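Report on the structure
The chain contents come next:
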Amino acid sequence: MVQAVQSTIQFPYKRSLGPVVGAFMTALTDRRIIGIRSGDRVIVPPLEWNPDTGDELAHDFVDVGPAGTVVSWSWVARPTVQHPLDHPFAFALVQLDGADTTLLHAVDAGSIDAMSTGMRVAPRWRAARIGHITDIEAFVPGEEPVMPAGDGGPAEEPVTMMDYNASITYSLPVTPNALRAEQANAEGRFLGLRCPECGRTYTGGKGYCPVDALELTTEHELDLPQHGTVTNYTIITPVQYPGQTETDPFARVHVWLDDTDVILGYQPLLDTPNDDVRIGMRVAAVWASEAEKADLAATAEGSLLGWMPTGEPDDDDPSLVNRIQ
Ligand SMILES: [Zn+2]
């Protein structure tokens, strides 16, 4: 059985909306949907620029809908956490009454059999609206907008910014080699795999030599040295994005393990002021004790805490800087 590890990458950020999309979002808080005139057309959602000529449009907004017609749709049978509804629904292009373009939104029709091109739909508003497209929870079949009990009312100030949380979750199979490398890491060892053809050594449970296209298995394993030389470094000034726990500039170093071709990139350097970090430093691996392991963040990569200067004389080989992988 192949094991898999599930990972989620998130990129939370804010974007400014500008005078046109901002007006659209502000109107949503008032349970209104607005478009913008562009020549003899009404564009919804409104754009700042004429899509045909690129000319800036006057801020000539017009209320549209609230009902409209489904022009095209696609059924989402198994919604993910990223979808606007937690049960099957349709993504649809809805041409609102009075609009000449379509708005992409969810239609909550109950079943795929209730969906059809040309069907009439109207918005189901949220009670609490923040100036986001999801202020319309979904469109529903019919002509009448659905208003929930308890109305939060329109925004007191124009909506100018939008929070956005880009996120993707994916699964990667974990190979037996990777599992063994991780187990070795938990025991305070670097497990290597040496290619019998070219003699190169790899870490991290890589199951093949990419040069010789040769499979590497347990018979090619060896323990790698715990000492190495810094070949490159970066002093990182942390940006305070959500989830960032570092507040002061810190170093990450590339460590070339002795007597191997292995470079471990972006490693923490322990007990060293940033001004003292330099290429050629001799360092040794420091592993978490059993007690420390319990305190390691779930996101930590194994039990390697980082690298400690050994105090040996620096390696002054000028070509070290070229070794980054
Ligand atoms: Zn090889």
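In this report, the structure presented in the accompanying data block is examined. (Residues numbered from 1 in each chain as written. Predicted model: local features only at pLDDT ≥ 70, side-chain atom pairs only at ≥ 80, totals over all residues. Heavy atoms only, no water.)

Some points on the coordination of the zinc ion
Protein coordination of the zinc ion is provided by Cys195 (SG), Cys198 (SG), Cys209 (SG) and Asp212 (OD), with donor distances spanning 1.9 to 2.3 Å. Geometry at the zinc ion is tetrahedral, judged from its four donor atoms and the angles of 101 to 114° they form at the metal. Read from N- to C-terminus, the donor residues coordinating the zinc ion fall into the pattern C-x2-C-x10-C-x2-D. (Donors = N, O, S within 2.8 Å, 3.2 Å for Na, K, Ca; no water. Tetrahedral: all angles 85-135°; square planar, octahedral: opposite > 155°, others 65-115°.)

Here's the deal with the pattern of salt bridges
Within the structure shown, the criterion is met by 18 salt bridges. The salt bridge involving Asp151 is made with Arg31; its shortest N-O contact spans 3.2 Å. With Asp151 in the loop between strand S9 (136-141) and strand S10 (161-174) and Arg31 in the loop between helix H1 (18-29) and strand S2 (33-38), the pair connects residues that are 120 residues apart, well separated along the chain. The partner of Glu137 in a salt bridge is Arg126, and the shortest N-O contact between them spans 3.6 Å. (Salt bridge = Lys/Arg side-chain N within 4 Å of Asp/Glu carboxyl O. Helix = DSSP H or I, 4+ residues; strand = E, 2+ residues; numbered from the N terminus.)

Remarks on helix H2 (residues 176-186)
Taken together, the buried positions of H2 are Asn177, Ala181, Ala184 and Asn185. Down the axis, H2 shows its buried residues gathered within 100° of arc, on one side only. Opposite the buried face of H2, at more than 90 degrees from it, the exposed residues are Pro176 and Glu182. For H2, the secondary structure elements touched by its buried residues are strand S11 (191-194), strand S19 (282-287) and strand S20 (304-309). (Buried < 20%, exposed > 50% of the residue type's maximum accessible area, 1.4 Å probe, protein only. Arc of directions from axis to C-beta. Contact = heavy atoms within 4.5 Å.)

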